[in-house]
Amino acid sequence: MTATCPPFPFAPRPILLALGLSALSACAQAPSADGVSDPLEPVNRGVHAVNKGLDTVIVRPASKAYGTVVPGPVRQGVSNVADTLDLPGVVVNQVLQARIGEATTNTLRLAVNATAGIGGLFDVASVLGMPKTDADFGQTLAVWGVGEGPYVELPIEGPSTARDTVGLVVDLAMNPLNNVFDGNDADATLAIEGLSRLNDRYRYSDTIDSILYDSADSYAQLRLLYLQNRRHEIAKAKGGTGGEDGDFIDPYEEDFIDPYAD
Amino acid sequence: MSGTFVSGLSRRHFLGTGLAAAAALGAMPAFALSDAEARALIDKAVADINAIINSGRSEAQMYPAFEKLFATYADVPQIARSALGPAAKTASKAQLQSFTTAYQGYVSRKYGRRFREFIGGRIEVTGARPVKSYFEVISTAYLKGESPFEVRWHVSNKSGKNLFFNIIIEGVNMLASERTEIGAMLDKRKGDVDALVQDLQRA
């Protein structure tokens, strides 16, 4: 957790201020002992209940229908197109984070998959040894030194933080494709994105069901998983191995009864 | 739910995939673990797991096999106490004992359910290093149709044997997750450890 607030080394400050980042920098707010800052918990829990209800009534059944009716290769093709459509935004963020190697690879991925991959239907680039890497503006802000701020669960979108919510809005606003597609094409890209998410919901249904429906407290479990995984990704984006950052819990040194005492 | 979050989960695949692979670590001498030894042991464990999964037995029949792996190679008493959290301090000895037993079965069923996702997969150890008072083994899991993801094993010999006490998959920490879950279950029972034990036996 970023406890201090270093200046943003590459960021044009007026833009950041215009985005209202100063409001969410959370510098003054120390994280609690378990590394979770959730002052909005009552509101978040309400949103979580609605999200969970939406999943139960709409998303989960729809993903089951999609996964059962539509053959796997077709679903994969749709998801590949969605991934390809995401690439311009990913490249922008990787450049902003000075991850030039990955930005270059992703630019090549875009070129190869859009052409040889027939408009992104086939992920030829991965076969050719150009691995997919991801980036978003919330991550970019983190690399620039912005703290994550309080946890928020967003309607429909799900777990996030104040910083990542700003990132999400910026990603939507600065998506280079906004200027490419309009009208029916824009609707089609939205549909593709939606189907890709349904496919994710279907493929990882065991995992997601176990969190949402088998946990004693699905809200707390989801919050923990999101924050830990997110911090790990950010540590990696910053160039770390992702292994050092507060992962270590020493059960042997905690203030518990020693089970080996006798 | 968030698309990015979901794909993050996919790589993590929760904790189920590697639990029994960690099992192999238990047999090693104190901090004399080499990359090659760990790799060989984990490969062997993965082969054993696949044998169980592909045995054609029902999931319910597989649980005892996974429970045995867990009991042999993980420091179950320590993991159980950590999961129980502060309540472990006030619980009686008998309560702790029955909790530990119930927890071991519960964990084996919970993660055993996820082992079918492991069919056709493998784990490769890429490194091992001493950190603070324990040993961290770093590995990469390759599952069919998934991007490879990182699995870290925390191993200690403080129990007198080399046993693993935590697994971290793409940053997600098993002990922390278990503590949240068991804490929530205990809250539902208003702190009654005996009632919690009964819930665990049924879960």
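Parameters and conventions
Residues numbered from 1 in each chain as written. Chains lettered and ligands numbered in written order. Predicted model: local features only at pLDDT ≥ 70, side-chain atom pairs only at ≥ 80, totals over all residues. Heavy atoms only, no water. Helix = DSSP H or I, 4+ residues; strand = E, 2+ residues; numbered from the N terminus. Buried < 20%, exposed > 50% of the residue type's maximum accessible area, 1.4 Å probe, protein only. Contact = heavy atoms within 4.5 Å. Areas by Shrake-Rupley, 256 points an atom, 1.4 Å probe, with all protein chains shown as cover. Pairing = 2+ DSSP bridges. Salt bridge = Lys/Arg side-chain N within 4 Å of Asp/Glu carboxyl O. Polar contact = N/O pair within 3.5 Å; in protein donor to acceptor, adjacent residues only side chain to side chain. pLDDT = per-residue confidence, 0-100. Axes fitted to C-alpha atoms, helices over the stretch in contact; angles between N-to-C directions. Parallel < 35°, antiparallel > 145°, perpendicular 65-115°, else oblique. Left-handed = near helix turned anticlockwise from the far one by under 90°. Patch = residues over 30% accessible without salt bridge, like charges linked within 9 Å, V, L, I, M, F, W, Y side chains within 5 Å.

(A) Local environment of the overall build of chain B. What chain B contains, in helices and strands, is nine helices and five strands. Each helix and strand of chain B, ordered N terminal to C terminal, gives the series α-α-α-α-α-α-α-β-β-β-β-β-α-α. Among the 203 residues that make up chain B, the fraction classed as buried is 59%. Excluding contacts between residues fewer than 6 apart, the proportion of contacts in chain B whose partners are at least 24 apart in sequence is 59%. Working note: accessible area of chain B is about 7700 Å², and carbon and sulfur atoms make up 54% of it.

(B) Local environment of the sheet that holds strand 2 (residues 134-142) of chain B. All names here are of chain B. Across the sheet, which stays open at both edges, the five strands sit in the order 1-2-3-4-5 with antiparallel pairing between neighbours. Single-partner strands in this sheet number two, and they are strand 1 (122-131) and strand 5 (172-173). Across seven bridges, strand 2 lies against strand 3 (residues 149-156) in antiparallel orientation. Opposite A141, over in strand 3, you have F149 as the bridge partner.

(C) Examining the pattern of salt bridges more closely. Counting across every chain of the model gives 24 salt bridges over all chains. In this structure, E41 of chain A engages R45 of chain A in a salt bridge whose closest nitrogen and oxygen atoms are separated by 2.9 Å. Pair noted here: E41 of chain A and R45 of chain A are both in helix 2 (residues 41-69), with a separation of four residues, about one helical turn. Taking the relative accessible area as the measure of exposure, R45 of chain A reaches 32% and is therefore partly exposed. Here E136 of chain B and R152 of chain B are joined by a salt bridge, their closest N and O atoms 2.8 Å apart. Taken together, the residues E136 of chain B in strand 2 and R152 of chain B in strand 3 connect sequence positions 16 residues apart. One exposure class covers both E136 of chain B and R152 of chain B, and it is buried. The network of salt bridges with common partners includes D38, E41, R45, D217 and R223 of chain A.

(D) Summary view of the side chain of E170 of chain B. By the secondary structure assignment, E170 of chain B is in the loop between strand 4 (163-169) and strand 5. On the basis of relative accessible area, E170 of chain B is assigned to the buried category, the value being 2%.

(E) View of helix 9 (residues 193-202) of chain B. Residue and element names in this part refer to chain B. Considered for burial, the residues of helix 9 that qualify are V193, A195, L196, V197, D199 and L200. Taken together, the buried residues of helix 9 touch helix 5 (76-84), helix 7 (93-112) and helix 8 (174-188). Sitting at the head of helix 9, D192 places a side-chain oxygen 3.0 Å from the backbone nitrogen of D194.

(F) Structural context of unusual backbone geometry. Even without glycine at this site, A98 of chain A takes up a positive phi of about 65°. If you trace the backbone, A98 of chain A turns up in the loop between helix 3 (72-96) and helix 4 (100-115). For K190 of chain B, which is not glycine, the phi dihedral falls at a positive 55°.

(G) Examining the confidence of the model for chain B more closely. All names here are of chain B. For chain B, the mean per-residue pLDDT works out to 76, and 74% of the residues sit at or above 70. The least confident element of chain B, judged by mean pLDDT, is helix 2 (residues 19-22) at 41; the most confident is helix 9 at 95. Note on residues 1-31: pLDDT under 50 across the span, and 127 contacts to partners over four residues away in sequence or across chains. In the predicted complex, the global pTM is 0.81; the interface-specific ipTM is 0.77.

(H) A look at the packing of helix 2 of chain A against helix 9 (residues 205-214) of chain A. Residues and elements named next belong to chain A. Here helix 2 crosses helix 9 at 130°, and the two axes come no closer than 11 Å. Relative to helix 9, helix 2 is oriented oblique. Handedness of the helix 2/helix 9 crossing: left-handed. Of the residues in helix 9, those in contact with H48, K52, D55, T56 and R60 of helix 2 are D209, L212 and Y213.

(I) Focus on the environment of G35 of chain A. Residues and elements named next belong to chain A. Structurally, the position occupied by G35 is in the loop between helix 1 (13-18) and helix 2. Accessibility expressed as a relative area gives 15% for G35, which makes it buried. Note: C-alpha distance between G35 and L227 (192 residues apart in sequence) is 8.9 Å.

(J) Geometry of a nonpolar patch on the surface. A surface patch of nonpolar side chains, about 480 Å² in accessible area, is lined by V50, L54, V57, I58 and I156 of chain A. With respect to the helices, strands and loops of the structure, I156 of chain A is situated in the loop between strand 1 (151-154) and strand 2 (158-161).

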